[in-house]
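# Architecture at a glance
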Amino acid sequence: MSKQNWTKISCKENGLSQQTRIRDTAYGGYGVGTLEDGRVIFLPHTVEGDTVTFKITEDKAKLVYGEVVEIINPSEHRIEPYCKHIGECGGCVFGHINYEKQLEIKKGFVTTALDRNKVEYPEATIVGCDYKEFRNRATFRVYNGTIGFYKFKSNTFVPIEECPVLKSSMIEKAREVAKDIKGKSYLYVTENDKGEALARTEYLLSSKYSFDGLKSREQSIGRKHLGYDTRYGTFWVGFHSFLQGNRHISNLLQDFVFENSEGRLGLELYCGTGYLTLAMARKCEKIDAIESYAPSVRLAERAKLKNVKWHISLSEQIGTMGKRKVDMIVADPPRTGLEKEVTNYIKDSGAQKIIYISCDPNTLARDISRLSGKYAIEKIQICDLFPGSYHVETMVLLNKVK
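Being a predicted model, the structure only gives us computed values, none of them experimental.

Turning our eyes to something else, we now look at the pattern of salt bridges. According to the stated counting rule, one finds 22 salt bridges in the structure shown. The residue K84 makes a salt bridge to E161 at a minimum N-O spacing of 3.2 Å. Of this pair, K84 sits in the loop between β6 (63-73) and α2 (99-116) while E161 is found in the loop between β10 (157-159) and α3 (168-178), placing the two residues 77 residues apart along the sequence. When the shortest N-O distance is used, the salt bridge between D180 and K179 registers 3.4 Å. Since its relative accessible area comes to 47%, K179 is described here as partly exposed. Shared partners join several salt bridges into a network, and the residues in it are D37, R39 and D59.

Take a look at the structure:
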C-alpha cells in the first residue's frame, strides 16, 4: 500500500503536528497512539501499525483526541476503502481495515471488557458477513434536497452519492423524498426483502412518494407497519420500531435463542416487537414478554403467538409484577445494559438459563459480573452485524451455578 494512496483521505492542515505509531484500537472507533508527554491520543480512521502525524483537537488532560494530518507509513492491516466517503463519513469508521483484522479487533472489545470485569468465560467465536447492501434501515441526514450522513463524532454534514452498505433501493427512495426537503432535516428509512419500505421525517410532506408508508411530523400517509419474514415467523415494525439492521445475518440472533431455549416457563425482557420471541415461543410452553413501548407491543401481538402473554411495562419493574417461577430468561437490553433492579431480579429468579444479547461489550461485562456467583457463562458467540463500524453484537448463554 503506497503512502500516496492514503494522503487523499488525510486532513491536511497548517500548523504544528506530532507523530505517533498506532498500537491498538479502542471501542468507539479510535486508533490509540501516544503523545510526546506519554499520554494516550485517540485518532479516528487509523489502525494498529499506522505511523501518522496528527493535530490535537480536544485535550481533557486524561483524554486527548486528534485527527490525522498525514499517514507516513500505512499499516499492513490497511486496505483500499470500498467507498470514497470512508475517512470522512462517520458510518464505516473501520472501512479502511481488512476484514480479518476487523473481526479480531471486535472480538478483542468483548474479551477485554470481560477480563477487565474479572469474568470467566470460554473461548468466544465470531461470525462475520458481507458488507455489501447489508443494511435494511438507516437515518439519512438531509440538507437542502441532498442526502448524506454526519462526519465521525460531529454534526458536520457529508453529502453522499453512494453507500455500498445500504440497499440501493433505499438510497433511490430517499433521494426522491429529499429533493423536496428544504433546510436541514432527517429521513429514517427501513425496507424489507420484498422491497416494501417505510420512511419518517420531521419535514411536512403531502405524498408518500415510492414508500409504502411515510410519516412526516404527526401526519402519516399509506401503510403504518411492515412485515419482516423470518424462519420462525413474521414480525412487524412501524415508523418508530427498533429492528436489527443486518438483513444478511440478523437471523443468527434468533437461531441462538432457539438453540438454547428450553423449559416450561420463559420470561423475555425488552422484547420489542417480538423478533426473538418468535424463536423462544417454539421451545417454551408459556412466555411472559415485557416491553415498555406500547406501540411495539401492539405490533408484537400481530404475530398471534398463543403461548405468549405480552406486558407493557418497564423491565426494571419486573420485581413488582408478582412472584413467578421461570425456567429461563431472555434479555436484549439497550446499549445502557441491564438496570440494577433487573440484575437483582435475575439473581433471585431461580431460572436455570439466561440468554443475554448485547450491543455494548462494556455494559455486557458489567452486568455479567453482577450476576457472577449465581450464573456462569457457558457459551459466547459474537456476531458482526455492522461490518465496517466499531459496533458488535454479543450473544451469551449463562447457566445457574450449582
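This part takes up unusual backbone geometry. Of all residues except glycine, most have a negative phi; of all peptide bonds, most are trans. With phi around 50°, E133 is a residue other than glycine that occupies positive phi space. Within the secondary structure, E133 is located in the loop between β7 (125-127) and β8 (137-143). The class for E133 is partly exposed, based on a relative accessible area of 29%. Notably, Y209 is not glycine yet its phi reads approximately 55°, a positive angle. Take Y209: it is sitting in the loop between β12 (197-201) and β13 (213-216). The exposure class assigned to Y209 is buried, which follows from its relative accessible area of 19%.

With that out of the way, let us pick up the sheet that holds strand β5 (residues 51-60). Overall, mixed pairing links the six strands, which are arranged β1-β5-β6-β4-β3-β2 in an open sheet. On the outer flanks of this sheet lie β1 (18-21) and β2 (24-26), each paired with one strand and no other. In this sheet, neighbouring strand axes are inclined to one another by 45° on average, regardless of whether the strands run parallel or antiparallel. Bridge count for strand β4 (residues 40-44) against β6 is two bridges, and the pairing is parallel. Residue pairing across strands places F42 opposite Y65, the latter belonging to β6.

This model, assessed by the stated rule, comprises zero disulfides. For C129, which is in no disulfide, the shortest distance to another cysteine sulfur is to C383 and amounts to 7.4 Å. Free of any disulfide, C163 has its nearest cysteine sulfur in C83, 6.1 Å distant. Its relative accessible area of 16% is what places C163 among the buried residues.

Counting residues in hydrophobic clusters, the biggest one holds 68 residues, and the most contacted among them are F140 and L166. With five residues, α3 is the largest single contributor of residues to this core. Setting aside chain neighbours within four positions, we find F140 in contact with I147, G148, F149, L166, M170, I171, A174, Y186, L187 and V189. In terms of nonpolar packing, the next biggest core, distinct from the first, is built from 31 residues, A113, I318, A331 and L338 among them.

What counts and how
Residues numbered from 1 in each chain as written. Predicted model: local features only at pLDDT ≥ 70, side-chain atom pairs only at ≥ 80, totals over all residues. Heavy atoms only, no water. Salt bridge = Lys/Arg side-chain N within 4 Å of Asp/Glu carboxyl O. Helix = DSSP H or I, 4+ residues; strand = E, 2+ residues; numbered from the N terminus. Buried < 20%, exposed > 50% of the residue type's maximum accessible area, 1.4 Å probe, protein only. Pairing = 2+ DSSP bridges. Axes fitted to C-alpha atoms, helices over the stretch in contact; angles between N-to-C directions. Disulfide = S-S within 2.5 Å. Core = buried A, V, L, I, M, F, W, Y, C linked by side-chain atoms within 4.5 Å. Contact = heavy atoms within 4.5 Å.

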